[in-house]
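Spelled out from the first residue to the last, the chains are:
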Amino acid sequence: MTHDPHDSDSRPVPGRELDGFEWSVRPEPAGDSAAEVVPLDSRRRVRPLEDATSVDESEDEFFDRETVAIADRVLGPPVDLPDEDTIPPTTRAARRRAPIIPAWLRTWQSVRAMAAWQTRDAAYVLGYHAARSPKYLAKTLWYALPGLFTGMGRLLHWATAEEGNWALRQYAADRNDAETWLKLDKQRQRQSRWRWSVLIASGGLTLGGLLAVLVADLPGWVRLAAAALAIPMLARVGRPSDKPITDRVNEAPRYRKLTAELVRRALLSCGISGITQAVSKDPNAISFPQEIHRDGPGHLAIVDLPYGVEAAEVVARRGRLASAMRLPLDQVWPEPAAGHPGRLALWVGYEPASQMKQPAWPLLRDGQVDVFKPFPFATTPRMETVNAELVFRNWLVGGQPGSGKTFGLRLAVLAAALDPRAELRIYELKGVGDFKVLEPVCTEYGNGFDDETIARCAAMFAWLYKECERRSKRIAHYHALGKAPENKITPELASLKGSGLHPLIVTVDEIQELFLHPQYGKEAGEICEKVIKLGRALGVILLLGTQIPDKDSLPTGITRNVNTRYCMSVADQTANDMILGTSMYKQGYRATVFQPVVEAGWGILAGLGKPAARRSYYLDTNDADKVIERAKRLRGLAGTLPEPGTQAREDAPVFDVLADLAEIWPVGENAAWNEALCTRLTELRPDVYTGWKSEQLTSALKPYGLRVGDIGRRIDGKPVTRRGIRLDDLTDAIAERNRQKRSG
């Protein structure tokens, strides 16, 4: 077919591609009806686009005003791996930068977790469908007969070839173009002839095979196999499209592979203005420096957020992120990634963490602990084991009631109990006996929040400070002998009998009861800070637990010097930073996202590598009994099992301020000033009352309800009034306390 340039109907359309070229019609000067057909591609190659601005429009050269130069875009590696290997060979070198061994195959824990999840999922699906197999069989037989006739009708319709060029024949009929219609129908008839031949031949073979199966003497299993193959195929053809034969395993959508589009949509749904504005200007503002890959029982996405957006902002909106993904909260785990503050590590599990069975503590049934080496303490959301350390560390564990704080703290002490060299001293100032199971292996144990127990706990800290002084001299002695090269305790010194440098593990739960005590709190806080600073290199390890992390109940000097922190569920940013450290909340490490009771055991563990969400192993009382029985055997063999009923510390000052006041009360006096009483108390017990002033005595008497008031006297004829107490009030306070003890 020739092209007539004068025919307006056949003239090429500007910008339309013909024969692989892009053409344009350039009008000629007036009076000449001819037009010049210009190949744009060739002209663009002749004159580079960069020089277009220097071309004079008056010259007889082609000048394209509407063409805009677009620089080549640099594309990164693919984020979502395609199902098939369709990447051109030229880009395969870039793919070699990926790890040879996938992340989920690098550890046995990941492999086991992946295999366990796949096995559980497959077993559930098989069991679900197996229970419904009778219904499936009935539906298959019900739809098989209609499927036979429906299949025959479809084969006959296919043999007529009616749908081959139906649209073209209909178009010719609408235009009354009989000649074209006849040509198209002849083409249909030619196609129909060979289809009928194929249908008749295949039908004959099928019928012959069916007769052979029915008539021939074949084994029964052959006929059953033929029926099992044919009937489901007929049922699939005969069933309505909206009525599947099998039921869905679950009504909720099944877990989908984590994709870049899913992550982008979820991040946009978080309501962070920086992300929304950046993506509206540039759809590629959210990028992925690594491919999204399987990591344990889930997938991990490393995301570079838009400029100016920190990963901490996304972590704070974990709930919105999970809502956008239509997943439970404990299935989505965002956290800041290494590199820069705008890099996010988003891990999404195959199932919620609450439904994933945490593995048993590796030391539950057997094993021994060396406190100088790491021991299993917690698991990641991927159910990988996280090891912790005791020697050269001091721990602070905090969280609101129901967060699992006590169980996490007790787990560390149970591990220490499996080292026969470690001496344990425990005080739980809550009074419920959570650590009672450890008493048989403790040198010193106290339970309760009464004044006597708190006084013993305060005296223990005073003894610890003296113990640090004694140990520092022992370290200097062994350093001179070349046995303590860095002036620190070593495993050899800890194992050396008679060295006095065995590991000393001191645990105080609900320590805020001590620090808030009006009589012992301030001094105990100061001594505790000194012990934390000095004892780390001397084998003295403090494990402190609290549920009220504020500046009054937890002195800042203590929080600044502990090097291992485990913050479980807390209510606000202040409590979060009191446990984890200043600015940790802004950096994205937020324990406020955990729900007490529901997510008990979860927290942010800092000081043992990069801070991250961890779940401590859970051991109930029965499990703890098993561990302690093994610890008792180990200590019995090593000769370090404490004797029951022995004195914990010979120099532990146990005192009663009311009884001491009654003992030193001035004879014949009905009232006495606090200053005089403090002097007499110091003479009675200098190790306890040295340095006491009137204010301290007043604070010590407040819990007993003993009233301190103004007492006036004449000295050298002049009236003098000072703070003091009366003998009658002291006697009444002692009587009331004794009555309460008898009734309790």
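Just so you know, these numbers come straight off a predicted model, no measurement behind them.

Procedures and definitions
Residues numbered from 1 in each chain as written. Predicted model: local features only at pLDDT ≥ 70, side-chain atom pairs only at ≥ 80, totals over all residues. Heavy atoms only, no water. Helix = DSSP H or I, 4+ residues; strand = E, 2+ residues; numbered from the N terminus. Contact = heavy atoms within 4.5 Å. Areas by Shrake-Rupley, 256 points an atom, 1.4 Å probe, with all protein chains shown as cover. pLDDT = per-residue confidence, 0-100. Expected span 1.5 Å × (residues − 1). Buried < 20%, exposed > 50% of the residue type's maximum accessible area, 1.4 Å probe, protein only. Arc of directions from axis to C-beta. Phe/Tyr/Trp six-rings, centres within 6.5 Å; stacked < 30°, edge-to-face > 60°. Lys NZ or Arg CZ within 6 Å of the ring centre and 35° of its normal. Pairing = 2+ DSSP bridges. Salt bridge = Lys/Arg side-chain N within 4 Å of Asp/Glu carboxyl O. Axes fitted to C-alpha atoms, helices over the stretch in contact; angles between N-to-C directions. Polar contact = N/O pair within 3.5 Å; in protein donor to acceptor, adjacent residues only side chain to side chain. Core = buried A, V, L, I, M, F, W, Y, C linked by side-chain atoms within 4.5 Å. Parallel < 35°, antiparallel > 145°, perpendicular 65-115°, else oblique. Left-handed = near helix turned anticlockwise from the far one by under 90°. Nonpolar A, V, L, I, M, F, W, Y, C, P; charged D, E, K, R; others polar.

Chemist: Where do I start with the overall build of the chain in this structure?
Modeler: If you tally the helices and strands in the chain, you get 24 helices and 20 strands. For the chain, long-range pairs separated by at least 24 residues make up 64% of all intrachain contacts whose partners lie at least 6 apart in sequence. Here the chain displays about 42100 Å² of accessible surface, and carbon together with sulfur accounts for 55% of that area.

Chemist: Whenever I open this one, the confidence of the model for the chain confuses me. Can you help?
Modeler: Close reading of the predicted structure is inappropriate where its pLDDT is low. Per-residue pLDDT for the chain has a mean of 80; in total, 81% of the residues score no lower than 70. Ignoring residues within four places in sequence, the model shows residues 1-34, a span with pLDDT below 50, making 42 contacts including any to other chains. With pLDDT under 50 throughout, residues 83-95 is counted as low confidence; its partners more than four residues away or in other chains account for five contacts.

Chemist: For this particular structure, what's the right way to read helix 19 (residues 621-638)?
Modeler: In an α-helix there are 3.6 residues to a turn, and that puts residues three or four apart on one side. Here helix 19 spans 25 Å end to end across 18 residues, near enough to the 26 Å set by a 1.5 Å rise per residue. Within the sequence span of helix 19, burial applies to Asp 623, Ala 624, Val 627, Ile 628, Arg 630, Ala 631, Leu 634 and Arg 635. Looking straight down helix 19, one finds that the buried residues subtend no more than 165 degrees of arc, so they occupy a single side. Away from its buried face by more than 90 degrees, helix 19 exposes Asn 622, Arg 633 and Leu 637. Buried residues belonging to helix 19 abut helix 12 (405-417) and strand 11 (423-428).

Chemist: Looking at this structure, how should I read the packing of aromatic side chains?
Modeler: Two measures describe an aromatic ring pair: the distance that separates the ring centres and the angle between the ring planes. A complete count under the given rule lists ten aromatic pairs for this structure. Taken together, a centroid distance of 6.3 Å and an interplanar angle of 35 degrees make the contact between Tyr 124 and Tyr 128 tilted. Placement of both Tyr 124 and Tyr 128 in helix 3 (residues 108-131) is noted, with a separation of four residues, approximately one turn of the helix. For the ring pair Phe 377 and Tyr 566, a centre distance of 5.6 Å and an interplane angle of 70 degrees mean the geometry is edge-to-face. In this pair, Phe 377 is assigned in strand 8 (residues 375-379) and Tyr 566 in strand 15 (residues 564-568), connecting sequence segments 189 residues apart. Taking relative accessible area as the criterion, Tyr 566 reaches 0% and is therefore assigned buried. Positioned over the ring face of Tyr 585 is Arg 590, at 4.0 Å from the centre of the ring.

Chemist: I'm lost on the pairing of strand 11 in this one. Help?
Modeler: In summary, the side chains of a regular strand alternate between the two faces of the sheet. Within strand 11, six of the six residues are buried, which leaves the element mostly enclosed by the surrounding structure. Of the two faces of strand 11, both are covered, the one formed by Glu 423, Arg 425 and Tyr 427 as well as the one formed by Leu 424, Ile 426 and Glu 428. Relative to strand 13 (residues 504-509), strand 11 is paired through six bridges, and the arrangement is parallel. Bridging from a neighbouring strand, Tyr 427 pairs with Val 508 of strand 13. When strand 11 meets strand 12 (residues 444-447), the two strands line up parallel, connected through four bridges. Paired with Glu 428 across the bridge in strand 12 is Asn 447.

Chemist: Looking at this model, I keep getting lost on the pattern of salt bridges. Mind explaining?
Modeler: Pairs can form between side chains of opposite charge once their charged atoms are near each other. Scanning the entire structure with this criterion turns up 24 salt bridges. One salt bridge in this structure joins Arg 723 and Asp 710, with 3.4 Å as the shortest N-O distance. One end of the pair, Arg 723, is in strand 20 (residues 718-726); the other, Asp 710, is in strand 19 (residues 709-715), and 13 residues separate them in sequence. Relative accessible area serves as the criterion here: at 53%, Asp 710 is assigned to the exposed category.

Chemist: Just checking my understanding: could you explain the environment of Tyr 128 for this structure?
Modeler: Overall, the relative accessible area of 14% leaves Tyr 128 in the buried class. C-alpha of Tyr 128 to C-alpha of Arg 248: the two residues are 120 residues apart in sequence and 9.3 Å apart in space.

Chemist: Sorry, what's going on with the sheet that holds strand 19 here?
Modeler: Sheet strands associate in pairs through backbone hydrogen bonding, adopting either a parallel or an antiparallel arrangement. Judged by pairing direction, the sheet is antiparallel, and its three strands sit side by side in the order 18-20-19 without closing on themselves. With partners counted over all chains shown, the strands left at the sheet margins are strand 18 (671-673) and strand 19, one partner each. Geometrically, the sheet is characterised by an average inter-axis angle of 60 degrees between neighbouring strands, direction not taken into account. Sheet analysis places strand 18 next to strand 20, joined by three bridges and oriented antiparallel. Each residue of the ladder has a partner; that of Trp 673, found in strand 20, is Gly 724.

Chemist: Explain helix 18 (residues 573-580) to me, please; I cannot follow it from the model alone.
Modeler: Counting buried residues along helix 18, six of its eight residues qualify, which places the element largely inside the surrounding structure. Turning to helix 18, its buried residues number three or more, namely Ala 575, Asn 576, Asp 577, Met 578, Ile 579 and Leu 580. One side-chain oxygen at the N-terminal end of helix 18 lies 3.3 Å from the backbone nitrogen of Thr 574; it belongs to Asp 572. Positive phi appears at Gly 581, one or two residues downstream of helix 18, with a value of about 120 degrees.

Chemist: Explanation requested: the nonpolar core in the structure shown.
Modeler: One recurring pattern in soluble globular proteins: nonpolar side chains tend to sit buried together. Counting 107 residues, the largest nonpolar core has Trp 361, Phe 377, Leu 438, Phe 461, Val 508 and Leu 514 as its most contacted members. Looking at which element gives the most residues to this core, the answer is helix 13 (residues 451-480), with eleven residues.

Chemist: For this particular structure, what's the right way to read the sheet that holds strand 8?
Modeler: The strand order across the open sheet built from ten strands is 9-8-17-16-15-10-14-13-11-12, with neighbouring strands paired in mixed fashion. A single partner strand is all that each edge strand has here, and the edge strands are strand 9 (385-388) and strand 12. Sheet twist, expressed as the mean angle between neighbouring strand axes with direction ignored, is 25 degrees. In this sheet, strand 9 lies alongside strand 8 in antiparallel orientation, the contact comprising four bridges. From the neighbouring strand, Thr 379 faces strand 9, where its bridge partner is Thr 385.

Chemist: Sorry if this is basic, but what is going on with the packing of helix 8 (residues 260-268) against helix 11 (residues 318-325) here?
Modeler: Pairs of packed helices are described in terms of their axes, by the angle between the two and the distance that separates them. Running from N to C, helix 8 and helix 11 point in directions that differ by 130 degrees, and their axes come no closer than 8 Å. In terms of their interaxial angle, helix 8 and helix 11 are classed as oblique. Every pair of crossing elements has a handedness; the one defined by helix 8 and helix 11 is right-handed. Contact residues: Arg 265, Ala 266 and Leu 267 in helix 8; Leu 321, Ala 324 and Met 325 in helix 11. For the contact of helix 8 with helix 11, the residue count by class is five nonpolar, no polar and one charged.

Chemist: Just to check I follow, could you spell out the environment of Ala 676 for this structure?
Modeler: As for its placement among the helices and strands, Ala 676 is situated in helix 21 (residues 674-684). Residue class for Ala 676 comes out partly exposed when judged on its relative accessible area of 38%. Remark: the alpha-carbon pair of Ala 676 and Lys 693, spanning 17 residues in sequence, is separated by 9.8 Å.

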